[in-house]
Structures are given as C-alpha cells and as structure tokens.
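Breakdown of the fold
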Amino acid sequence: MSVNEELQATIADMVDGRRGVLAADESSGTIAKRFQSVGVESTEEHRRFYRSLLLSAEGLGQYVSGVILFEETLGQKDDSGTPLPEVAANAGIVPGIKVDKGKGPLPGAPGDMITYGLDGLAERLRGYKEQGARFAKWREVYPISPANPTPLGVTANAEMLARYAAVCQSCGVVPIVEPEVLMDGDHSIERSAEVNEQVWETVFHALHHHGVVLELMLLKPSMVTPGSECAKAPPQQVAEYTMRALRRAVPAAVPSINFLSGGQGPEEATANLNALNQMWQAPWQLSFSYGRALQEPALHAWSGDTGQRHQAQEALLKRARLNHLAMQGDYSEGLESAAAG
Ligand code: 13P
C-alpha cells in the first residue's frame, strides 16, 4: 500500500458520518489532576485499569471510530494480556497517539505559548505505528487576552502544526491538527469568533505552504463560545458563530471537523454539537473528539472502585451515544434521562 492509500484507508475508517473520537490521551500531569478530582492516586496500574475499562466498553465502536492514546497506554495491556491498541482495533476503533510533548512560553510573544516535540518525530512515529497507531494528534494552545494571541503567536503556532502534519503524512499517519483557543477569561463570543477565524485562516495558510494534503487530515478546533467567566451562550448562538467562522476559514477539502470540548460540560458539548448539525448543510462532517465531555461521568462513576467498572462503562456509552445522535442533529435534552446503550 502506498503512503497515500494508507492515509486514505485510515480516513475512511474514521469518517463515516456517524461516529467521533474519544480523547483519552491526558499527559501524566493532566491525568493526575483528573484522578485527584475523584480521589484516585495516579499510579501506572490505575491508569491502565481506567483506560482499559474505557476501551473495552461493549459497543463503544458503534459511536466512536478513533481513540487518542497517551504514549504509555500504547504499551499497556488489558487483564487478559491483549495490548490496549489491539483492544481498540478489535472493537472497530482506530488507535491514535498524542505526539506533542507539551508546551511552554513562546519567547518574543508575552502571554503566548508554543508546543514542543518536532525533533525526532518521524522516528517516533515509526515506532508508534509498530504499536498500532494509525493517526496522531498535536495541540497548539492560544490564550485570549486583550493582547493575545499576538501576531507572532498566531503564525508560530500555525507553523508548528503544519510541520507536524507534514511529517505525519510522510510517514503514513493521519494528522489531527488541534489549534485550541482557550475558553479561559471574560471575552465575548464575538472576540472568540474573531480569534478562532484568524487562527484557522493562518493554520490553513501554513498547511498549504507545507504541502499538507487537506483531504488526508482532520481538524480539531474549539467551538466559538464566550469566555468561561461569562454567561453561557445558547447552543443556537454557539452554532451560528462557529459555523460562520469555519465557513470563512476552513477549506471544504477537509473531510471532518472533530471539536474538542475544552471545559464545556458534557451535556453542553453535546447540545452545541447537535445545534451545529441542525444548521444548514456543512461541507465537512461535524463530529467530536472530546476528552472531558466524554469521560467525566465515567470517571466519577469509577472513582477508583474496581466494582464500579460496569457503571463507568455505561456512563461512557451514554455520552458516546448521545454525541453520535448529535452528529445527526437528533439529540434532545429529554434523552439525558433515558438509559444508555
Ligand atoms: P477536552 O475535550 O477535554 O478539551 O480534551 C480534548 C483534547 O484532546 C485536548 O487536547
């Protein structure tokens, strides 16, 4: 199979109009924070147990076509000794891998950040592929303040995403390009729209420049919402602002847009995705790549108690199924009280 055929096959397995992506790629620091919120210590065994619980939820593959894993998880096994990427693949879920190495300040752009990890990336990708990964994720982060993101922040972060995506495609790994504009702050929805549009426009300019094939990548953006210190906007309004900015900045060649949840609550993220899919026909599939919004209820149900495994899986399946319905615009709040499955 040529590299392009390999990329095309992965896109075909991941983009089918009815499923999204589970982000379970929390770094060591982030998973420790999530576990701490439910009183669980972040040991390797707890992480293995929890993540194999998620991946083996019966029927998850009906609603989820891909899972983003952390490097450690790629090498872990379930209780019966099956490698976790294989557990996912057996369930019809394509395993992927977060490949960035976290972020730090961007010199020359006070308040902005930049992500690390390009050195040796091609070699790392070859190893991840041997462990079963077929797609990758890289996240750049953009804070909003009166001065941020700076013009340098916008161009430097776009350049990183494009270089990462080009390396991935040359290795036959589908890149998920994630420019996350943070919700933190008291900015208006208009300001969020303006920043997101500028960020996406610059990212696609860089992707073109680096020869990234848009048909063979996925975009993982933020939704356009007011800052987290402001009152929530209704789903209809989030959908209108998000769609307008996407239509201006994201080429129709991109097969799927898989939103991050970025601090939206689980029900909020589902309602917003539903509103987006109820709007006029979009040229791309509008789907999810949620971390917290898919996992929060499952994490709470588990809370470190092995006896709660089934309840935790049911909680995950419920969110996955409701987001699958939201992809068809068929979600309603009334379904929240209905059973999972
Ligand atoms: P959230 O949906 O929790 O924002 O996580 C998605 C993700 O992968 C962030 O990088």
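Presented here is an overview of the structure given in this document. Just so it is clear, the structure is predicted and the values come from calculations on it, not from any experiment.

This part takes up the environment of F70. If you trace the backbone, F70 turns up in the loop between β2 (64-69) and α4 (71-74). A relative accessible area of 18% means that F70 is categorised as buried. Sequence separation between F70 and S303 is 233 residues; the distance between their C-alpha atoms is 20 Å.

As for its position among the elements, S52 is in helix α3 (residues 44-55). In this structure S52 comes out as buried when scored by relative accessible area, which is 3%. A distance of 3.2 Å separates a polar side-chain atom of S52 from the backbone oxygen of F49. Not counting chain neighbours up to four residues away, the residues in contact with S52 comprise D78, L84 and R309.

Here the focus is the site of the ligand. Taken together, 13 residues form the shell around the ligand, and within it K137, K220, S261, G262 and R292 come nearest. For the ligand, an oxygen atom lies 2.6 Å from a polar atom in the side chain of K220. Within the backbone of G291, a nitrogen or oxygen atom sits 2.8 Å from an oxygen atom of the ligand. Of all the secondary-structure elements, those providing two or more residues to the shell around the ligand are β6 (135-142) and β10 (285-290). Residue composition of the shell around the ligand, by class: three nonpolar, four polar and six charged.

Criteria and cut-off values
Residues numbered from 1 in each chain as written. Predicted model: local features only at pLDDT ≥ 70, side-chain atom pairs only at ≥ 80, totals over all residues. Heavy atoms only, no water. Helix = DSSP H or I, 4+ residues; strand = E, 2+ residues; numbered from the N terminus. Buried < 20%, exposed > 50% of the residue type's maximum accessible area, 1.4 Å probe, protein only. Polar contact = N/O pair within 3.5 Å; in protein donor to acceptor, adjacent residues only side chain to side chain. Contact = heavy atoms within 4.5 Å. Near = heavy atom within 4 Å. Nonpolar A, V, L, I, M, F, W, Y, C, P; charged D, E, K, R; others polar.

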